[in-house]
Amino acid sequence: MAVRQIVVMGDPILRTATAEVDAFDRDLKMLVRDLFETMYHAEGIGLAAPQIGISRRVIVIDLRSEEQPEARLALINPSVVWASAESDKEPEGCLSIPGLEEVIKRSLAIRVEAVDIDGGRMELEAEGLFARVLQHEMDHLDGILFVDRVSALKRRILMKKWKKIQAEED
Ligand code: NI
């Protein structure tokens, strides 16, 4: 088990569509453990494999602190099979874009199909914050970041801010 380094925006792996998992082996279990450990270390509520440099369709989420006790999950090969027409807008951040936050429109409720760490099929319904985090993390698996889901104008402002943050770190 290890806390891995979180990749930040600018690294091409965050823009690469990930490969499906087909081996439910020790490597996968280690990947899931590392994802949880890295997420807890960074005090996040969700993390996707590309964020630690692994281009695979794996995400972890833990919303137990948000009083959703069922919401500690590792999802392998997840996909959205239904999304509500109703949406909501809430601020989002991302461990791979530290310092930026923006209001993002997401489906209010979704149904997701996935497999668990042993390869067993699972289906779950989520709404509110849980649905939002799932959508955010699943976007990572397709190389999409929250900054892609805003208007062109807002995106320019966000990218300017990001450049400033990056320059301050150098
Ligand atoms: Ni993210």
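To be clear, the structure that these remarks concern was listed above.
Residues numbered from 1 in each chain as written. Predicted model: local features only at pLDDT ≥ 70, side-chain atom pairs only at ≥ 80, totals over all residues. Heavy atoms only, no water.

The next point concerns the layout of surface pockets. Approximately 390 Å³ is the volume found for the largest pocket. Lining the largest pocket are 22 residues; nearest its centre among them are I45, E92, G93, C94 and H136. Among the elements of the structure, β4 (87-92) and α2 (129-141) are those that each provide at least two residues to the lining of the largest pocket. With 6 residues, α2 is the single largest residue contributor to the lining of the largest pocket. (1 Å grid on protein atoms, 1.4 Å probe; cavity = no way out; pocket = protein on both sides within 12 Å on 5 of 7 lines; lining within 4 Å. Points joined across faces, edges and corners; volume = space filled by probe spheres on them. Helix = DSSP H or I, 4+ residues; strand = E, 2+ residues; numbered from the N terminus.)

Protein coordination at the nickel ion: the donors are C94 (SG), H136 (NE2) and H140 (NE2), at 2.1 to 2.3 Å from the metal. Written as a sequence motif, the donor arrangement for the nickel ion is C-x41-H-x3-H. Of this pair, C94 sits in the loop between β4 and β5 (102-107) while H136 sits in helix α2, and the two are 42 residues apart along the sequence. An identical accessibility class is assigned to C94 and H136; each is buried. (Donors = N, O, S within 2.8 Å, 3.2 Å for Na, K, Ca; no water. Buried < 20%, exposed > 50% of the residue type's maximum accessible area, 1.4 Å probe, protein only.)

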